[in-house]
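Structure at a glance
So you can see what is in the structure, the chains are spelled out below.
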Amino acid sequence: MATALSEEELDNEDYYSLLNVRREATSEELKAAYRRLCMLYHPDKHRDPELKLQAERLFNLVHQAYEVLSDPQTRAIYDIYGKRGLEMEGWEVVERRRTPAEIREEFERLQREREERRLQQRTNPKGTISVGIDATDLFDRYEEEYEDVSGSGFPQIEINKMHISQSIEAPLTASDTAILSGSLSTQNGNGGGSINFALRRVTSAKGWGELEFGAGDLQGPLFGLKLFRNLTPRCFVTTNCALQFSSRGIRPGLTTVLARNLDKNTVGYLQWRWGIQSAMNTSIVRDTKTSHFTVALQLGIPHSFALISYQHKFQDDDQTRVKGSLKAGFFGTVVEYGAERKISRHSVLGAAVSVGVPQGVSLKVKLNRASQTYFFPIHLTDQLLPSAVFYATVGPLVLYFALHRLVIRPYLRAQKEKELEKQRESIATNILQKKQEAEAAVQLMQESVRRIIEAEESRMGLIIVNAWYGKFVNDRSKKSEKVKVIDVTVPLQCLVKDSKLILTEASKAGLPGFYDPCVGEEKNLKVLYQFRGVLHQVMALDSETLRIPKQSHRIDTDG
């Protein structure tokens, strides 16, 4: 079965495979392989104009591979990052004779500089849309004196509140970022909005600061200051100071959070908030690969509560998570449970049921799409009705599985097929070029192969009878799959030297005269050869080292 196509399989030449040398090859081994291929592809050895042109192109490719691998610095860059590392701007000013570790550090520096230039040219938009829905009429119906009202036979579902917020970030320099945000809210016919501007500066690797200015029609001007600082490698503190101006005067506020890493996966927080709603909060958060656990305790005015929540993370492709929490305090008690699941590459859908006293029963649906969040809290009833809890739990599940089977899964399948088709089309030209290069190489090898075969026959040496490379179907259950192989008899015979053939541990698609006939699929090399007049056969994996002849490859004719 085909896997997702990777352009790197085609875009990046494997120089080691092209020269058929080990990745640990010495300069002498590189030079010997280079000379051999130069003799094969040298344009002056071919009189036919078309063959001469093909030889010149392959000769230049071999020369490029040798230039990269024979220079210690470019070889180190290629070994770590491939051709994309060589294409990075800035290497020309790097001091030579650096170690691989120093080269890696230099590459990361150049990459950071390029990333900073790219970041300065784009923003990071984030947004939230929240639509509150009042569906209490589904379960809390009025008494019979209202039954005569027109339309009272149908439950009334209303949108009673809405909130929209959006923010963008504009990097000014490598350490300065401007943030512009705004919001609009409405509830029961009354609404308002606000706009905020913030300037953040990274002062050092240990901290940053942010100045905030805001204004709105419901509240007056706002001035704020946020500070973050790493006190130790395991401890940090954040402070947020704010001055809110209103018709009632100036309302100051201060929030300070001290956090410490208790172990690799656990963080403890202490929070103190002073202002309109003063409170002290302590919490412990443990986040692992398979779970997320939180316990918190708050003492404050007007709300004091205790909270415990747990989330389990399934290790599946859809990143399924189920969660539950219990929150109890002066305001009442709330139990919440729910789940979320990835429905596409950039989208996560979640739903939670909230059951509490005196809040009643609510269903909360959330969709995260890239950096946008869509939130729909649906209030079902003010009472603890088992029917409301049942429908809030079962309804979303039934709806999700129906949509997943009838809409989401077919859509994702169609998108995947479209993406694969687009990838195939985008690399079709490259595949054709590789095929043409391989066919040209085989033509250029004919005379050399004829001489090699004559020499090997004279001493009953190694003769490649047949060789195929690509996808073989040996399993009877997969007979419907198409065999995709190419004949590589000539290229392999050309690599024979002194009755020996050694292929290094690399993809065979990069060898002279080879190309990839089935990109993204598992490939093998099957060779039928004759040595000392006896037939041998071997099947090797694509990236497996192959040495022939071998006694174990001998075909038992007695059987």
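Summary of the structure given here. Chains are numbered independently. Their residues run from 1 in the order of the written sequence. Local features in this predicted model are restricted to residues whose pLDDT is 70 or higher, and side-chain atom pairs enter the listing and the counts only when it is 80 or higher, whereas totals over whole chains, interfaces and linings include all residues. Side-chain measures here rest on the full set of heavy atoms in the structure, leaving out hydrogens and waters.

A few words now on the overall build of the chain. Per the convention used, a helix needs a DSSP run of H or I reaching at least four residues, while a strand needs a run of E reaching at least two, with both numbered from the N terminus. Scanning the chain for helices and strands turns up eight helices and 23 strands. Residues classed as buried in the chain amount to 34% of the 559 residues present. At a minimum sequence separation of 6, the contacts of the chain that also span at least 24 residues come to 43%. For the chain, the accessible area works out to roughly 34500 Å², and carbon and sulfur atoms hold 56% of it. When a residue's accessible area, from a 1.4 Å probe over protein chains only, is under 20% of the maximum for its type it is buried; when over 50% it is exposed; and in between it is partly exposed. When checking whether two residues touch, look at their non-hydrogen atoms; a contact exists if any pair is within 4.5 Å. Residue-level accessible areas treat just the shown protein chains as cover; the underlying method is Shrake-Rupley with a 1.4 Å probe.

A few words on the environment of G350. With respect to the helices and strands, G350 occurs in strand β15 (residues 347–357). C-alpha separation for the pair G350 and G338, spaced 12 residues apart in sequence, amounts to 7.4 Å. Non-local contacts of G350, meaning those with residues more than four positions away in its chain, are made with A339, E340, K364, V365 and K366.

Moving on to the packing of helix α3 (residues 27–41) against helix α4 (residues 49–70). Each axis is a line fitted through C-alpha atoms, taken for helices only over the stretch in contact, and angles between the N-to-C directions span 0 to 180 degrees. Look at α3 against α4: their axes get within 9 Å of each other, and the N-to-C directions meet at 170 degrees. One finds that α3 runs roughly antiparallel with respect to α4. Where α3 abuts α4, its residues L30, K31, Y34, L37, C38 and Y41 lie against A55, L58, F59, V62, H63, Y66, L69 and S70. Amino acids are sorted into nonpolar (Ala, Val, Leu, Ile, Met, Phe, Trp, Tyr, Cys and Pro), charged (Asp, Glu, Lys and Arg) and polar (every other residue, Gly among them). By residue class, the composition of the contact of α3 with α4 is 11 nonpolar, two polar and one charged. Here roughly perpendicular refers to angles of 65 to 115 degrees, roughly parallel to angles under 35, roughly antiparallel to angles over 145, and oblique to all remaining angles.

A negative phi angle characterises most non-glycine residues, just as the trans form characterises most peptide bonds. Across the junction of V357 and P358, the peptide omega takes the value 10 degrees, indicating a cis bond. Mapped onto the elements, P358 comes out in the loop between β15 and β16 (360–369). With an omega of 10 degrees, the peptide bond running from I548 to P549 counts as cis. With respect to the element layout, P549 can be found in the segment after β23 (546–548).

Bringing the side chain of S347 into the picture now. Looking at the element boundaries, S347 is found in strand β15. Take S347: its relative accessible area is 6%, and that puts it in the buried class. Of note is the side chain of S347, whose polar atom sits 3.1 Å from the side chain of S344. The contact partners of S347, leaving out residues within four places of it in the chain, are R341, K342, L367, N368 and R369. Polar contacts, as counted here, are pairs of nitrogen or oxygen atoms within 3.5 Å of one another; within protein the pair requires one atom able to donate a hydrogen and one able to accept it, and residues that are adjacent in sequence qualify only if both atoms are side-chain atoms.

What follows covers the pattern of salt bridges. Opposite charge on two side chains lets them pair, provided their charged atoms get close. Basic side-chain nitrogens of Lys or Arg form a salt bridge, by our definition, when they fall within 4 Å of a carboxyl oxygen of Asp or Glu. A complete count under the given rule lists 17 salt bridges for this structure. Across the salt bridge formed by D44 and K52, the nearest N and O atoms sit 3.8 Å from each other. Residue K52 is classed as partly exposed on the basis of its relative accessible area, which comes to 32%. Two residues, D263 and R286, come together in a salt bridge whose shortest N-O distance is 3.2 Å. With D263 in the loop between β8 (249–261) and β9 (266–274) and R286 in strand β10 (residues 279–287), this residue pair connects regions lying 23 residues apart in the sequence. By relative accessible area, which is 36% here, D263 ends up partly exposed. The class for R286 is partly exposed, based on a relative accessible area of 35%. Among the ionic contacts, a cluster of salt bridges with common partners joins E447, R450, R451 and E454.

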